[in-house]
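# Coordinate analysis (summary)
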Protein chains: 2
Amino acid sequence: MITILSGGTGTPKLIQGIKKIYDEEEINVIVNTVENDYFSGVYVAADIDTVLYTFTDMINEDTWYGIKNDTFITHERLAEIGQAELLRIGDKDRATKIQKTLLLEEYPLSEAVDIQRKKLGIKSKIIPMSNENSEIKIETEEHGEVEFHDFLIKYQGKPKVKSVNYSKVNPNPEVIESIKKSDKIIIGPSNPITSIMPIISLKGVKDELIKKEVVAVSPFIGEEPVSGPAGKFMSASGHLSSSIGVAKIYESFLNTLIIDNKDLDMKETLEKIIPNIKITNTIMKNIEDKINLAKLTIEN
Amino acid sequence: MITILSGGTGTPKLIQGIKKIYDEEEINVIVNTVENDYFSGVYVAADIDTVLYTFTDMINEDTWYGIKNDTFITHERLAEIGQAELLRIGDKDRATKIQKTLLLEEYPLSEAVDIQRKKLGIKSKIIPMSNENSEIKIETEEHGEVEFHDFLIKYQGKPKVKSVNYSKVNPNPEVIESIKKSDKIIIGPSNPITSIMPIISLKGVKDELIKKEVVAVSPFIGEEPVSGPAGKFMSASGHLSSSIGVAKIYESFLNTLIIDNKDLDMKETLEKIIPNIKITNTIMKNIEDKINLAKLTIEN
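Residues numbered from 1 in each chain as written. Chains lettered and ligands numbered in written order. Predicted model: local features only at pLDDT ≥ 70, side-chain atom pairs only at ≥ 80, totals over all residues. Heavy atoms only, no water.

### Here's the deal with the sheet that holds strand β7 (residues 144–147) of chain A
All names here are of chain A. Here we have three strands laid out as an open sheet, ordered β7-β6-β8, and antiparallel in their pairing. Each having just a single partner strand, β7 and β8 (161–166) make up the two edges of the open sheet. On average, adjacent strands in this sheet sit at an angle of 25 degrees to one another, irrespective of strand direction. The sheet contacts of helix α8 (residues 192–200) involve β6 (136–140) and β8, and relative to β8 the element is tilted by about 30 degrees. (Pairing = 2+ DSSP bridges. Helix = DSSP H or I, 4+ residues; strand = E, 2+ residues; numbered from the N terminus. Axes fitted to C-alpha atoms, helices over the stretch in contact; angles between N-to-C directions. Contact = heavy atoms within 4.5 Å.)

Laid out in structure tokens, this is it:
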């Protein structure tokens, strides 16, 4: 059994590789929930839905959000009648969100997601990090404190970031159970500050990770994240925007850090922080790349 | 200025005729709200939306519900993932319902609808009968008390009806104002029990109707309603299922009742109940039928 810690883009790519080489029933995925919120009257758990769609091969790989080949009839009509939505929610994707919203009237998030993944025929367990509502805000130089989704969409991730602040929530009990039962924990190449740290800083998680074999894939090549605004968030949180910054964040529990071939020159420095450094191609352009990287995380 | 009292099917057909021959800015429509409820997380005001779509020529004339040529992508996907919706909500139609739901977080229903009709470019005022939530239940022989929409959709209007029961609510103040300001009140050929009576029995409405010129179009031909389950509801409420039953219900305030040519034999009896009986074709198959009937309601 393995447990994967996931955010919304890099880790799902890695999951596409892992599910090709590992028994789906033996994979648990703990997913970040701090970005979850209500939009247009529906509960949006963007990272969870991305993981659901990754397992069912429905994920839109252009945006790593929503369902591929989805239509946007309701979304476009809402704009026409003066009720434009911040998030671009597709028609099929909206059904997932409506269902989750209705299930949340009766169940905690973890059960709602478990019902959904079973309906979708997914054998892996998808575990929301917390059943509690949370907020994440980005303190910017230009606009002050802004909502996370406003930062990403309205401001297109452009403002200078002063700090990243999210609610402290309690873990869904399945988070600790899953880590305890696993032979290995894989931290995918997701944003360390906004996707992974919220999971790791849950009460009790770090204590369990220390006891386990933990492997992480760095989401950086040089000083640039492979995707998204991770660099800005790293700097604003007082970390180096590079695999060295990632190593320092995960230092207390990480056994193996996988970095990109292009960062060979960092290997020596990294080996002073993390016991085991592996070097490979970490850019996952196609399924072969994903499987190769997956193998390196699984086998060692 | 005229005020039309409307339910969901017959009256909107008549409105299609009236709006061809009368200044749209001089038409107010008071719409039944007792059937309104939340479905799939959105507020559904079916009769109001039917009137909105009738004014914008978007109404689906096969069902008199929803938007013509709409798609059902979210609706069908919800069924696929085990979250089938009772109401068949189209993708464009869902945008109207999402907008109304979001507006209701800030405004009373009457303002939400006023914002929507303005966004849609509708010049007539569409006035919900009440801003209060209500319930309507049908007491059946076979299934006991059932929700109105369950009766119509799940049970396809088939069970024997013992009684019709709806909440007593306070009128939206614009209802009384609109009747007071109008030269004529037109009661469309909607179901007298579930569509019109809830409006008429609002506090103060009957007192104002008595002072006004009121004309109604009967929704019956012989003992059969032109559409829907009006006959069952009339019998269960202790009324004759015919234009005579309609006349008795509206007797205290009605000046003119328009009945179908086929009910010529009822004319003599009806003249003992209502001062003025007019006879014409009341089946509105095409726009000419609608305009002819509209003229008879307007001109007298």
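We are not done yet, so read on.
### Brief notes about the interface of chain B and chain A
Residue-level contacts link 22 residues of chain B with 22 residues of chain A. Counting the surface lost from both chain B and chain A, the interface buries some 2,100 Å², and carbon and sulfur atoms represent 67% of this. There are zero salt bridges connecting chain B and chain A. Inspection of the chain B/chain A interface yields six residue pairs in polar contact (both at pLDDT 80 or more). Looking at the side of chain B that touches chain A, the elements that each hand over two or more residues are α3 (73–80) and α4 (91–103) of chain B. No other element matches α4 of chain B, which puts nine residues into the side of chain B that touches chain A. Of the residues that constitute the side of chain B that touches chain A, the class distribution is nine nonpolar, eight polar and five charged. (Buried area = accessible area lost by both parts, 1.4 Å probe. Salt bridge = Lys/Arg side-chain N within 4 Å of Asp/Glu carboxyl O. Polar contact = N/O pair within 3.5 Å; in protein donor to acceptor, adjacent residues only side chain to side chain. Nonpolar A, V, L, I, M, F, W, Y, C, P; charged D, E, K, R; others polar.)

### What about the pairing of strand β9 (residues 184–187) of chain A?
Both faces of the sheet carry side chains from a regular strand, because those side chains alternate between them. Residue and element names in this part refer to chain A. Judged by which residues are buried, β9 turns out to be covered on both faces: Lys184 and Ile186 on one side and Ile185 and Ile187 on the other are all buried. In the sheet, strand β1 (residues 2–6) pairs with β9 via four bridges, with the strands oriented parallel. Pairing of Thr3 across the sheet is with Ile185, part of β9. Sheet topology note: the β9/strand β10 (residues 213–217) ladder contains four bridges and is parallel. Counterpart to Ile185 in the pairing with β10 is Val214. (Buried < 20%, exposed > 50% of the residue type's maximum accessible area, 1.4 Å probe, protein only.)

### A short note on the side chain of Thr282 of chain B
Residues and elements named next belong to chain B. Mapped onto the elements of the fold, Thr282 is located in the loop between β14 (276–280) and α13 (287–298). A relative accessible area of 4% means that Thr282 is categorised as buried. Residues contacting Thr282, with those up to four places away along its chain left out, are Val217, Ile221, Ile258, Ile259, Asp260 and Leu293.

### Considering the packing of aromatic side chains
One pair of aromatic rings is described through two measures. These are the centre distance and the angle between the planes. The tally for this structure, following the rule as stated, stands at eight aromatic pairs over all chains. Ring centres 5.5 Å apart and planes at 40 degrees place the aromatic pair Phe151 of chain B and Phe233 of chain B in the tilted group. Within this pair, whereas Phe151 of chain B is found in helix α6 (residues 148–154), its partner Phe233 of chain B is found in helix α10 (residues 230–236), the two being separated by 82 residues in sequence. You can call Phe151 of chain B buried: its relative accessible area is 0%. Aromatic ring contacts, followed pair by pair, group Phe148, Phe151 and Phe233 of chain A into a single cluster. For Arg88 of chain A, the ring lying beneath its charged end belongs to Phe72 of chain A, and the centroid distance is 3.7 Å. (Phe/Tyr/Trp six-rings, centres within 6.5 Å; stacked < 30°, edge-to-face > 60°. Lys NZ or Arg CZ within 6 Å of the ring centre and 35° of its normal.)

### Overview of unusual backbone geometry
One non-glycine residue, Ser40 of chain A, adopts positive backbone phi at about 50 degrees. Tracing the sequence through the fold places Ser40 of chain A in the loop between β3 (37–39) and β4 (42–44).

### Re the packing of helix α1 (residues 10–21) of chain A against helix α13 (residues 287–298) of chain A
Residues and elements named next belong to chain A. Viewed as axis vectors pointing N to C, α1 and α13 meet at an angle of 75 degrees, and their least axial separation amounts to 7 Å. Considering their axes alone, α1 and α13 lie roughly perpendicular with respect to each other. Seen from α1, the contacting residues are Lys13, Leu14, Gln16, Gly17, Ile18, Lys20 and Ile21; seen from α13, they are Ile287, Lys290, Ile291, Leu293, Ala294, Lys295, Thr297 and Ile298. The residue inventory of the contact of α1 with α13, partitioned by class, reads eight nonpolar, three polar and four charged. (Parallel < 35°, antiparallel > 145°, perpendicular 65-115°, else oblique.)

### So, the relation of the copies chain B and chain A
Aligned on chain A, chain B shows an RMSD of 0.0 Å; the corresponding rotation is 180 degrees and the shift along the axis is 0.0 Å. Seen this way, the second copy is the image of the first under a two-fold rotation axis. In this assembly the copies share their binding face: 100% of the residues contributing to the interface of chain B also contribute to that of chain A. (Least-squares fit on C-alpha atoms with pLDDT ≥ 70 in both.)

### Structural notes on the pattern of salt bridges
Residues and elements named next belong to chain A. Applying the stated criterion across every chain, the model contains 30 salt bridges over all chains. The partner of Glu135 in a salt bridge is Lys137, and the shortest N-O contact between them spans 3.7 Å. Judged by relative accessible area, which is 44%, Glu135 ranks as partly exposed. Residues participating in the shared-partner salt-bridge network are Asp114, Arg117, Lys118, Lys125 and Glu174.

### A closer look at the sheet that holds strand β5 (residues 125–128) of chain A
Residues and elements named next belong to chain A. Pairing is parallel across the open sheet formed by seven strands, whose spatial order is β5-β2-β1-β9-β10-β13-β14. On the outer flanks of this sheet lie β5 and β14 (276–280), each paired with one strand and no other. Taking each pair of neighbouring strands and ignoring which way they run, the sheet shows an average axis angle of 20 degrees. Each of β1, β9, β10, β13 (256–260) and β14 touches α13; the most contacted strand, β9, lies at about 140 degrees to it.

### Describing a nonpolar patch on the surface
Residues and elements named next belong to chain A. A grouping of Leu86, Leu152 and Ile153 is seen on the molecular surface, where their side chains present a nonpolar patch of about 200 Å² in accessible area. The topology assignment puts Ile153 in helix α6 (residues 148–154). Ile153 sits in the partly exposed class, given a relative accessible area of 36%. (Patch = residues over 30% accessible without salt bridge, like charges linked within 9 Å, V, L, I, M, F, W, Y side chains within 5 Å. Areas by Shrake-Rupley, 256 points an atom, 1.4 Å probe, with all protein chains shown as cover.)

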